[in-house]
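Commentary on secondary and tertiary structure
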Amino acid sequence: MEIKEVFDLINQETDRQEKGLVMIASENYASLDVLKAMGTPLSNKYSEGYPGKRYYSGNQFIDQIESSAQKLALQLFGLDEENWHANVQPHSGSSANLAVYLGLLQPGDKIMGLDLGAGGHLTHGSPVNFSGKLFNFIHYNLDPETGKLDYAEVARIAETEKPKLIVCGFTAYTQQIDFVKFSEIAKANGALLMADISHIAGLIVGGAHPSPFPYADIVTTTTHKTLRGPRSAMIICKNELAKQIDKAVFPGMQGGPLENVIAAKAICFIEDQSEKFKSDQIQTVKNAETLAEGLKANGLNLVAGGTQTHLLIIDCRNLNISGKEGSNAMAEAGIYANANMIPYDPSTPMNPSGIRLGTPALTTRGFKETEMKMVADWIAQILKNPTDENLKKEIKNQVENLTAKFPIYPNLSY
Ligand SMILES: Cc1ncc(COP(=O)(O)O)c(C=O)c1O
């Protein structure tokens, strides 16, 4: 393969993102400044350690960037340095979660998290993940009737099991999380509370979802989802846990930090403090609500009956298709989403019964209620007629006409 061919593929992928409807709830569009920072010579530098305490020389500028990113991370959530500490080095959400478990617990210790099928993440104790292999995870689930958390049941399990850590914050949960209740349950049972806000961090910054601060002891988040930053993560914890967390990240499980990505995080944290970013978060939820109403008006069933966040899950069972068949048919029309488990899914994780849809990326490109109503109608038509090739072609054209009016990376080419 030639280098040019790699760039050709990068251009084709950029074009796909530009022309399609990105409705994968965990995806978004980072700004050109964020993308630019990742492609700088900061990528060349080794800076094992932390600002002021590095193992290599030549880190005077890197130190300033990383310290600023730490300060900006706290600012973003209105936190003070007297009480809170940010570690901006985790490479990804999964490694941030691993660092918390390894830093604060011993292998084999008991942790409570939401079941994967109900919307928890792999790193919340799935048996195929390091978390489920190394730690003794006990899972809570959703109420089978409502598709929502049952806090009394969470409290009952915590009282019986006495976990050392409770994890809340999820991958596919459509409702707001009551961090105060989780904190009460954790405190009553002598457990630490970790909020993994990977999905909802942006909403929290924009006031579109309640904050886990000051209720959680540790907060982890990816930076590439609703935060619109680079593909990466961070951990914010109470100061008394900072040493253990820092040690767990480095030297515990990572070597050199990705300082080019840390610079991109600093830029993202500056962007996210703007009024525009904050009002976009409110719009993200409004867009999800409009999408939910539009789908329901077309006779589609939604888990928990709708959404209070940036995402919703279609229950495909009354359509007589699997989530995969549905999301594949949508992709043929340029609408990208993922097949997802529904709570207590009668089918298998490889062939789940739901489709998860999110509105962060569409909101970033400027979609509002008018566009979301059109999108809801297109999705409903496709899911009701997933093998109708003409329909998918026609909708793909309409999708491309619409996205052309909301350019995201105009004239970007590598
Ligand atoms: C709640 C939650 N935590 C952690 C992660 C893991 O993040 P990453 O893919 O960066 O490892 C995800 C990713 O989807 C997530 O949804």
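Here, every reference points to the structure presented above.
What this report covers is the structure whose coordinates are included nearby. (Residues numbered from 1 in each chain as written. Predicted model: local features only at pLDDT ≥ 70, side-chain atom pairs only at ≥ 80, totals over all residues. Heavy atoms only, no water.)

1. A look at the pairing of strand β12 (residues 311-315)
Burial runs high along β12: five of the five residues are buried. Residues Leu 311, Ile 313 and Asp 315 point to one face of β12 and Leu 312 and Ile 314 to the other, with burial holding for every one of them. Pairing geometry for strand β11 (residues 301-302) and β12, over two bridges, is antiparallel. From the neighbouring strand, Leu 302 faces β12, where its bridge partner is Ile 314. Relative to strand β15 (residues 354-358), β12 runs antiparallel, the two being bridged by five bridges. (Buried < 20%, exposed > 50% of the residue type's maximum accessible area, 1.4 Å probe, protein only. Helix = DSSP H or I, 4+ residues; strand = E, 2+ residues; numbered from the N terminus. Pairing = 2+ DSSP bridges.)

2. Some remarks on the side chain of Thr 290
By the secondary structure assignment, Thr 290 is in helix α11 (residues 275-297). Looking at Thr 290, its side chain comes within polar contact range of the main-chain oxygen of Lys 286, at 2.9 Å. Apart from residues no more than four positions distant in its own chain, Thr 290 is found in contact with Glu 369, Met 372 and Lys 373. (Polar contact = N/O pair within 3.5 Å; in protein donor to acceptor, adjacent residues only side chain to side chain. Contact = heavy atoms within 4.5 Å.)

3. Section: the site of the ligand
Lining the immediate environment of the ligand, one finds 13 residues, of which Gly 93, Ser 94, Thr 171, Asp 196 and Lys 225 sit closest. Between the ligand and Lys 225, the relevant distance is 3.2 Å, taken from an oxygen atom to a side-chain nitrogen or oxygen of the residue. Out of a free accessible area of 390 Å², the ligand has 84% covered by protein chains. Broken down by element, the shell around the ligand gets its largest block of residues, three residues, from helix α4 (residues 93-104). (Near = heavy atom within 4 Å. Areas by Shrake-Rupley, 256 points an atom, 1.4 Å probe, with all protein chains shown as cover.)

4. Notes on the pairing of strand β10 (residues 233-238)
Within β10, six of the six residues are buried, which leaves the element mostly enclosed by the surrounding structure. Here four bridges tie strand β4 (residues 84-87) to β10, and the two strands are oriented antiparallel to one another. By the bridge assignment, His 85 is partnered in β10 with Cys 237. Here five bridges tie strand β9 (residues 218-222) to β10, and the two strands are oriented antiparallel to one another. Bridge pairing links Thr 221 to Met 234 in β10.

5. Digging into empty space enclosed by the protein
On inspection of all chains with the given rule, the structure shows three cavities of 30 Å³ or more. When its volume is computed, the largest cavity comes out at roughly 60 Å³. Taken together, Phe 170, Thr 171, Ala 172, Tyr 173, Gln 175, Ile 177, His 199, Ile 200, Thr 309, His 310 and Leu 311 make up the lining of the largest cavity. Across the lining of the largest cavity, the residue classes tally to six nonpolar, five polar and no charged. If you count residues domain by domain, the lining of the largest cavity takes at least three from each of domain 1 (10-25 + 275-404) and domain 2 (33-271). (1 Å grid on protein atoms, 1.4 Å probe; cavity = no way out; pocket = protein on both sides within 12 Å on 5 of 7 lines; lining within 4 Å. Points joined across faces, edges and corners; volume = space filled by probe spheres on them. Nonpolar A, V, L, I, M, F, W, Y, C, P; charged D, E, K, R; others polar. Domains from an automatic or database assignment.)

6. A word on the sheet that holds β12
Within the open sheet, the four strands sit side by side as β11-β12-β15-β14. Their pairing is antiparallel. Each of the sheet's edge strands pairs with one partner strand only, and the pair in question is β11 and β14 (338-340). Here α11 sits on the sheet and contacts β11, β12 and β15; the angle it forms with β12, its principal contact strand, is near 15°. (Axes fitted to C-alpha atoms, helices over the stretch in contact; angles between N-to-C directions.)

7. Digging into helix α9 (residues 242-253)
The first and last C-alpha atoms of α9 sit 16 Å apart over 12 residues, in line with the 16 Å expected at 1.5 Å per residue. Residues of α9 that are buried: Ala 242, Ile 245, Asp 246, Ala 248, Val 249 and Phe 250. The arc that holds the buried residues of α9, viewed along the axis, is 155°, so those residues lie on one side. Turned more than 90 degrees from where α9 packs its buried face, Lys 243, Lys 247, Pro 251 and Gly 252 sit exposed. On its buried face, α9 is in contact with β2 (49-50), β4, α4 and β10. (Expected span 1.5 Å × (residues − 1). Arc of directions from axis to C-beta.)

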